[in-house]
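Tertiary structure, described
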Amino acid sequence: QVQVVESGGGLVQPGGSLSLSCTATASESDISIYAMGWYRQVPGKQREFVARVASLPSGESTTYAGGVRGRFTINRPKGKNTMYLRMDSLNVDDTAVYYCHVLSNPGPLEFWGQGVLVTVSE
């Protein structure tokens, strides 16, 4: 099992910045966290992908949804199971509950955090 805990979030004005963090804690030492990412969801809509950082044999790979590319930056320090999402130039459409998503081996298995609310408003 993997416990996923998010932090950050809150209220920010349009054009502002905010950072989220996510820490994954494995219950057993042989569990490997190979990808960490963020999804977001607004009431009445499906959860959507935001960004992911994955550890591949060829190296680290980052992926962004089109609507956040260039504004959001995902980062996972080497060797750490903590991941950060820096969000710049926020707009009202970024308002959502943001969920941390973790993929682990052996499996692969996926785990979710409880979500943190990001509100972009005047």
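What you are looking at is a predicted structure, and each value in this text was computed from that prediction instead of being measured.

Next up on the list: the packing of aromatic side chains. Going through the model one piece at a time under the given rule, you end up with 2 aromatic pairs. Where Tyr39 meets Phe49, the ring centres are 5.5 Å apart and the plane angle is 75°; that geometry is what we call edge-to-face. Placement of the pair is Tyr39 in strand E4 (residues 32-41) and Phe49 in strand E5 (residues 48-56), with a sequence separation of 10 residues. The class for Tyr39 is buried, based on a relative accessible area of 16%.

Our next topic: the nonpolar core. Counting residues in each nonpolar core, the largest one holds 31 residues, and the members touching the most others are Trp38, Leu85, Met87 and Tyr98. Put simply, the parts of the chain that give this core at least two residues each are strand E1 (2-8), strand E3 (18-26), E4, E5, strand E7 (72-75), strand E8 (82-87), strand E9 (96-105) and strand E11 (116-120). Not counting residues within four places of it along the chain, the set of residues in contact with Tyr98 comprises Glu6, Leu20, Trp38, Tyr39, Arg40, Val50, Phe72, Met87, Gly115, Val116 and Val118.

This part is about the sheet that holds E8. The antiparallel open sheet is built from 4 strands, whose spatial order is E1-E3-E8-E7. Only two strands of the sheet have a single neighbouring strand rather than two, namely E1 and E7. Shown here is a sheet whose adjacent strand axes are inclined to one another by a mean of 15°, direction ignored. Looking at chain direction, E1 and E3 are connected through 7 bridges and run antiparallel. Considered in E3, the bridge of Val2 is made with Ala26.

As a further point, take the confidence of the model for the chain. Regions with low pLDDT should not have their predicted coordinates read in detail. Confidence along the chain averages 95 in pLDDT terms, with 100% of residues attaining 70 or more. By mean pLDDT, the top-scoring element of the chain is E11 (98), and the lowest-scoring one is strand E6 (residues 59-64) (93).

Cut-offs used in this document
Residues numbered from 1 in each chain as written. Predicted model: local features only at pLDDT ≥ 70, side-chain atom pairs only at ≥ 80, totals over all residues. Heavy atoms only, no water. Phe/Tyr/Trp six-rings, centres within 6.5 Å; stacked < 30°, edge-to-face > 60°. Helix = DSSP H or I, 4+ residues; strand = E, 2+ residues; numbered from the N terminus. Buried < 20%, exposed > 50% of the residue type's maximum accessible area, 1.4 Å probe, protein only. Core = buried A, V, L, I, M, F, W, Y, C linked by side-chain atoms within 4.5 Å. Contact = heavy atoms within 4.5 Å. Pairing = 2+ DSSP bridges. Axes fitted to C-alpha atoms, helices over the stretch in contact; angles between N-to-C directions. pLDDT = per-residue confidence, 0-100.

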